[in-house]
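Each chain, letter by letter, is given below.
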Amino acid sequence: MSESNHPADTNGDGKVSDTEEQMYLEFKRKELEDADAMRDAQRKMTWFALGGLLLYPFAVVLASLAGLDEAQKTLGSMAPTYFVAVAGIVAAFFGSQAYSSNKK
Ligand SMILES: [Ca+2]
């Protein structure tokens, strides 16, 4: 392996000094942490969206039980848009998971 092409050699002098190695490792560690945090956030968002999807019918039932006619009508007319949006979020999540696991 030629050291001049090493990504840690930031000043391009062909050597990886201790400082450069430290910076490189720190950078890699941050990159991994960021990717991890992003996956966690995506997972949470997907579960949140799915949870909303499952609770949606209950919200409609509750609104009708509580006699909130307006709320019930609004929820009813929002449903198609809402379900498509949630399906989009979930599809994007699993799509990106499949894509990034294929890439590695
Ligand atoms: Ca260097």
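The structure contained in this document is the topic of the report that follows. Values in this document were obtained by computation on a predicted structure and should not be read as measured data. (Residues numbered from 1 in each chain as written. Predicted model: local features only at pLDDT ≥ 70, side-chain atom pairs only at ≥ 80, totals over all residues. Heavy atoms only, no water.)

Things to note about the overall build of the chain
Here's step 1: Scanning the chain for helices and strands turns up two helices and zero strands.
Here's step 2: For 104 residues, the compact-globule estimate of 2.2 N^0.38 gives 13 Å, and the C-alpha radius of gyration of the chain, at 24 Å, exceeds that figure by more than 25%.
Here's step 3: Based on the C-alpha atoms only, the size of the chain along its principal axes is roughly 75 × 25 × 15 Å.
Here's step 4: Excluding contacts between residues fewer than 6 apart, the proportion of contacts in the chain whose partners are at least 24 apart in sequence is 40%.
Here's step 5: By element, 66% of the accessible surface of the chain is carried by carbon and sulfur atoms, the whole surface being about 8,100 Å².
Here's step 6: Where the 10 positive side-chain charges of the chain centre and where its 14 negative ones centre are 7 Å apart. (Helix = DSSP H or I, 4+ residues; strand = E, 2+ residues; numbered from the N terminus. Rg over C-alpha atoms; globule rule 2.2 N^0.38 Å. Contact = heavy atoms within 4.5 Å. Areas by Shrake-Rupley, 256 points an atom, 1.4 Å probe, with all protein chains shown as cover. Lys, Arg positive; Asp, Glu negative; His and termini not counted. Charge placed at Lys NZ, Arg CZ, Asp CG, Glu CD.)

A few points about the coordination of the calcium ion
Here's step 1: Protein-derived coordination of the calcium ion comes from Asp9 (OD), Asn11 (OD1), Asp13 (OD), Lys15 (O), Glu20 (OE) and Glu20 (OE), at a distance range of 2.2 to 2.4 Å.
Here's step 2: If you look at the calcium ion, its six donor atoms make angles of 56 to 158° with each other, and the shape they trace is irregular.
Here's step 3: Of note, the calcium ion draws all its donor residues from one chain, in the sequence arrangement D-x1-N-x1-D-x1-K-x4-E. (Donors = N, O, S within 2.8 Å, 3.2 Å for Na, K, Ca; no water. Tetrahedral: all angles 85-135°; square planar, octahedral: opposite > 155°, others 65-115°.)

So, helix H1 (residues 18–65)
Working note: α-helix, 3.6 residues per turn, so residues spaced by three or four point in the same direction.
Here's step 1: The terminal C-alpha atoms of H1 lie 69 Å apart, and with 48 residues this matches the ideal 70 Å at 1.5 Å per residue to within 8%.
Here's step 2: Along its length, H1 shows its largest kink, about 40°, at Leu55, and proline Pro57 lies within four residues downstream of that point.
Here's step 3: Within H1 the residues assigned to the buried category are Glu20, Thr46, Ala49, Tyr56 and Ala63.
Here's step 4: Buried residues along H1 sit against helix H2 (69–103).
Here's step 5: Looking one or two places after H1, you find Gly67, whose phi comes out positive at around 75°. (Expected span 1.5 Å × (residues − 1). Bend = angle between axes of the 7 residues up to and from the residue. Buried < 20%, exposed > 50% of the residue type's maximum accessible area, 1.4 Å probe, protein only.)

Points about the packing of aromatic side chains
Here's step 1: By the definition in use, this model includes four aromatic pairs.
Here's step 2: With a centroid separation of 6.1 Å and an interplanar angle of 80°, the aromatic rings of Tyr82 and Phe83 are classed as edge-to-face.
Here's step 3: Judged by relative accessible area, which is 25%, Tyr82 ranks as partly exposed.
Here's step 4: Plain terms: the ring middles of Phe93 and Phe94 are 5.1 Å apart, the flat faces sit at 75° to each other, and that makes the pair edge-to-face.
Here's step 5: The class for Phe93 is buried, based on a relative accessible area of 9%.
Here's step 6: An aromatic cluster of at least three residues, connected via ring pairs, comprises Tyr56, Tyr82 and Phe83. (Phe/Tyr/Trp six-rings, centres within 6.5 Å; stacked < 30°, edge-to-face > 60°.)

Examining the pattern of salt bridges
Here's step 1: Enumeration over the complete set of coordinates arrives at seven salt bridges.
Here's step 2: With a shortest N-O distance of 3.1 Å, Glu26 and Arg29 are connected by a salt bridge. With a gap of three residues between them, Glu26 and Arg29 both fall in helix H1, about one helical turn apart.
Here's step 3: For Glu26, a relative accessible area of 34% puts it in the partly exposed group. (Salt bridge = Lys/Arg side-chain N within 4 Å of Asp/Glu carboxyl O.)

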